[in-house]
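Residue-level structural notes
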Amino acid sequence: MGRLARAFTAVGVTVAVAAIAGCSGSGAQGSAPTGSAAGRGGGAQAAAPAPTESNPPGDIPDNQVYVPYRPTGGAFTGFTVKVPEGWARTVQGDTTVFTDKLNSITITPVPATAVPTTGSVTTTVVPKLRARTPKFAAPKVSEVNRHAGRVVLLTYQGDSAKDPVTGKVVRDGFERYAYYRSGHGVDLTLSGPVNADNVDPWRIVSDSVTWR
């Protein structure tokens, strides 16, 4: 009987050890999904997508601020025009260019002996632009009213210069306004991608020309 009791005791110890090992194993298996979920959560947070652009390429924001620009030198300084605040400015002779991303505003005072007409712009300006604008197309000349008075508007399309970094070329739309007053003219050219919705910004700029 002593041997039988010892046998039952040994069996009991073995069962207890197995039970403890089973509990330990189930604990380890239970903690693995928790750890994996945390890992997956961290990975998802790290791979969050970048914010979507609020404006398509070439679109000028609706909240853009405009500031008056008046040339301080050159052939003629008797006018002001509003331009978007913060745009880069370059000056070449009498021509001033404001640029931001894919858009540009070019302002050139010119001597003028007569009021520009649709006929004069068609015969003198269009051929010059055709010669220097890559893939020049769709010229249309008309007269429009702006705050400064009646002006001649030339719209056309052309390819932009190749981007020095990406090598890409953008198809641009152009609005060229010819202003005139007392022997002085101002050529204002607005350009940007043909698919950009800049009707309102371009109207603000073209309507802001004021004689001094």
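In the block above lies the structure referred to throughout.
Notes on the structure follow. Every value quoted in this text rests on a predicted model; they were computed, and no experiment measured them.

The subject of this paragraph is the overall build of the chain. When helices and strands are tallied, the chain shows three helices and ten strands. Counting helices and strands in the order they occur from the N terminus, the chain gives α-β-β-β-β-β-α-β-β-β-β-α-β. Put simply, of all contacts in the chain between residues at least 6 apart along the chain, 47% involve residues at least 24 apart. For the chain, the accessible area works out to roughly 13300 Å², and carbon and sulfur atoms hold 57% of it.

The full count for this structure, using the stated rule, is six aromatic pairs. Taking the centre distance of 6.2 Å and the plane angle of 40 degrees together, the rings of Phe76 and Trp211 count as tilted. Residue Phe76 is located in the loop between strand E1 (66–69) and strand E2 (79–84), and its partner Trp211 is located in strand E10 (residues 210–211); the two are separated by 135 residues in the primary sequence. Trp211 matches Phe76 in its accessibility class, with the two residues each being buried. Ring centres of Tyr177 and Tyr179 lie 6.2 Å apart, and the angle between their planes is 35 degrees; on these two criteria the pair is classed as tilted. Take Tyr177: its relative accessible area is 2%, and that puts it in the buried class.

Turning our attention to the layout of surface pockets. Reported here for the largest pocket is a volume of approximately 1400 Å³. As for the largest pocket, its lining consists of 48 residues, of which Thr106, Leu129, Arg132, Tyr156 and Thr189 are closest to the centre. Those elements giving two or more residues to the lining of the largest pocket turn out to be strand E3 (88–92), strand E4 (95–100), strand E5 (103–111), helix H2 (118–132), strand E7 (149–159), strand E8 (171–181) and strand E9 (184–193). In terms of residue count, the dominant contributor to the lining of the largest pocket is H2 (seven residues). Split by residue class, the lining of the largest pocket holds 21 nonpolar, 17 polar and ten charged.

A word on the sheet that holds E9. Judged by pairing direction, the sheet is antiparallel, and its seven strands sit side by side in the order E3-E4-E5-E9-E8-E7-E6 without closing on themselves. Two strands close off the open sheet at either side, each with one partner strand: E3 and strand E6 (137–146). Averaged over neighbouring strand pairs, the angle between their axes works out to 20 degrees when direction is ignored. Bridging between E6 and E7 involves eight bridges; their strand directions are antiparallel. Each residue of the ladder has a partner; that of Ala137, found in E7, is Gln157. Running at roughly 165 degrees to E9, helix H3 (residues 199–206) makes contact with E5, E6, E8 and E9 of the sheet.

Quick notes on the rules
Residues numbered from 1 in each chain as written. Predicted model: local features only at pLDDT ≥ 70, side-chain atom pairs only at ≥ 80, totals over all residues. Heavy atoms only, no water. Helix = DSSP H or I, 4+ residues; strand = E, 2+ residues; numbered from the N terminus. Contact = heavy atoms within 4.5 Å. Areas by Shrake-Rupley, 256 points an atom, 1.4 Å probe, with all protein chains shown as cover. Phe/Tyr/Trp six-rings, centres within 6.5 Å; stacked < 30°, edge-to-face > 60°. Buried < 20%, exposed > 50% of the residue type's maximum accessible area, 1.4 Å probe, protein only. 1 Å grid on protein atoms, 1.4 Å probe; cavity = no way out; pocket = protein on both sides within 12 Å on 5 of 7 lines; lining within 4 Å. Points joined across faces, edges and corners; volume = space filled by probe spheres on them. Nonpolar A, V, L, I, M, F, W, Y, C, P; charged D, E, K, R; others polar. Pairing = 2+ DSSP bridges. Axes fitted to C-alpha atoms, helices over the stretch in contact; angles between N-to-C directions.

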